[in-house]
Amino acid sequence: MKIVVAGGHGKIAMLLHPILKEKGHKVTGLIRKEEQVDDLKEAGAESVVVDIEKEDDISEFVGDADAVVFAAGAGPGSGKDRKWSVDRDGAIKLIEAAKKNGIDKYVMISAMGLDTPRGDDVFQVYQQAKAQADEALRNSGLNYVIIKPGRLTNDEGTGKVKIAEKLDRGEIPREDVARVIAEVLDNNSIKNVEFDLLSGKDEVTVALQEFV
Ligand SMILES: NC(=O)c1ccc[n+]([C@@H]2O[C@H](COP(=O)([O-])OP(=O)(O)OC[C@H]3O[C@@H](n4cnc5c(N)ncnc54)[C@H](OP(=O)(O)O)[C@@H]3O)[C@@H](O)[C@H]2O)c1
């Protein structure tokens, strides 16, 4: 399969590329800095340089693919404006590009607890931006999977997760989120679903099978 990952140099994305390559997929990361091209090559992915905030239409950069993954984010330290321009509008631009280019499958890295926003002003805007992007995807007509992880850690993955429609707060290593994304991309029976995701006791494949 050909897979395009927006936010291609993000921490989850960089863990995802080698897993997808190992499975035989061709991966392209959308990145905004030329100097990140070598990192992606080492991780097993090609690169396309594009700033998703600056372009109104990113379809020519996305090109042909079987699936797209939204792994971008304005990140900690950014203000409200960039929560809208990256976390919401970047995700929506990827939806538009997928529709325009005839790409059927869209995997969104969302977040847990968006329906009960908490924290300071900026964090609340982040949660609203993510929620609006998720809603746009649900209504897009694309075949979608919205993955809502808890707090992300850089711990080594365990390959064991918990998946449900709603979970209490918790955390999960980014590596395990990457494993779930890879499995979701490989399994065509997983479509038009959304779920909370935390570390747990079940193998990724088992947790997904039991959920869908
Ligand atoms: N932190 C948490 O606990 C948590 C919990 C649940 C969900 N999430 C979500 O999980 C997702 C992935 O997390 P992560 O930690 O892997 O993210 P990350 O390491 O912060 O990576 C985000 C990537 O987005 C890229 N990006 C930002 N603005 C861009 C633009 N204008 N054009 C192109 N690319 C742009 C960044 O590029 P640069 O490298 O150029 O900066 C970066 O590589 C995010 O959407 C986040 O909201 C986070």
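These numbers were taken from a predicted model, which means no experiment stands behind them.

## Focus: unusual backbone geometry
Within the chain, Asn-192 stands out as a residue other than glycine whose phi angle is a positive 55°. Within the fold, Asn-192 resides in the loop between helix H6 (174-186) and strand S10 (193-199). On the basis of relative accessible area, Asn-192 is assigned to the partly exposed category, the value being 41%.

## Some points on the site of the ligand
Residues in close proximity to the ligand total 28 residues, the closest being Arg-32, Asp-51, Glu-53, Ala-72 and Tyr-126. A distance of 3.1 Å separates an oxygen atom of the ligand from a polar backbone atom of Gly-10. At a separation of 3.2 Å, a nitrogen atom of the ligand approaches a polar side-chain atom of Arg-82. With the chains in place, 85% of the 940 Å² that the ligand exposes on its own is no longer accessible. The set of elements that each furnish at least two residues to the shell around the ligand consists of helix H1 (11-22), helix H4 (80-100), helix H5 (121-138) and strand S7 (151-153). Residue contributions to the shell around the ligand peak at three residues, all from H4. Per-class residue counts for the shell around the ligand are eleven nonpolar, seven polar and ten charged.

## Concerning the pairing of strand S1 (residues 2-6)
Taken across its five residues, S1 has four buried, putting it largely inside the fold. Note: S1 against strand S2 (residues 26-31), five bridges, orientation parallel. Counterpart to Lys-2 in the pairing with S2 is Lys-26. Assessed by its sense of winding, the connection that carries the chain from S1 through H1 to S2 is right-handed. In this sheet, strand S4 (residues 67-70) lies alongside S1 in parallel orientation, the contact comprising four bridges. Residue pairing for S4: Ile-3 is matched across the bridge by Ala-67.

## A look at the environment of Ile-181
Mapping Ile-181 onto the fold places it in helix H6. Ile-181 sits in the buried class, given a relative accessible area of 0%. Separated by 26 residues in the primary sequence, Ile-181 and Ala-207 place their C-alpha atoms 13 Å from one another. Setting aside residues up to four positions removed in sequence, Ile-181 forms contacts with Ile-12, Leu-16, Val-69, Val-107, Ile-109 and Ile-147.

Conventions and cut-offs
- Residues numbered from 1 in each chain as written.
- Predicted model: local features only at pLDDT ≥ 70, side-chain atom pairs only at ≥ 80, totals over all residues.
- Heavy atoms only, no water.
- Helix = DSSP H or I, 4+ residues; strand = E, 2+ residues; numbered from the N terminus.
- Buried < 20%, exposed > 50% of the residue type's maximum accessible area, 1.4 Å probe, protein only.
- Near = heavy atom within 4 Å.
- Polar contact = N/O pair within 3.5 Å; in protein donor to acceptor, adjacent residues only side chain to side chain.
- Areas by Shrake-Rupley, 256 points an atom, 1.4 Å probe, with all protein chains shown as cover.
- Nonpolar A, V, L, I, M, F, W, Y, C, P; charged D, E, K, R; others polar.
- Pairing = 2+ DSSP bridges.
- Right-handed = clockwise from strand over helix to strand, strands pointing away.
- Contact = heavy atoms within 4.5 Å.

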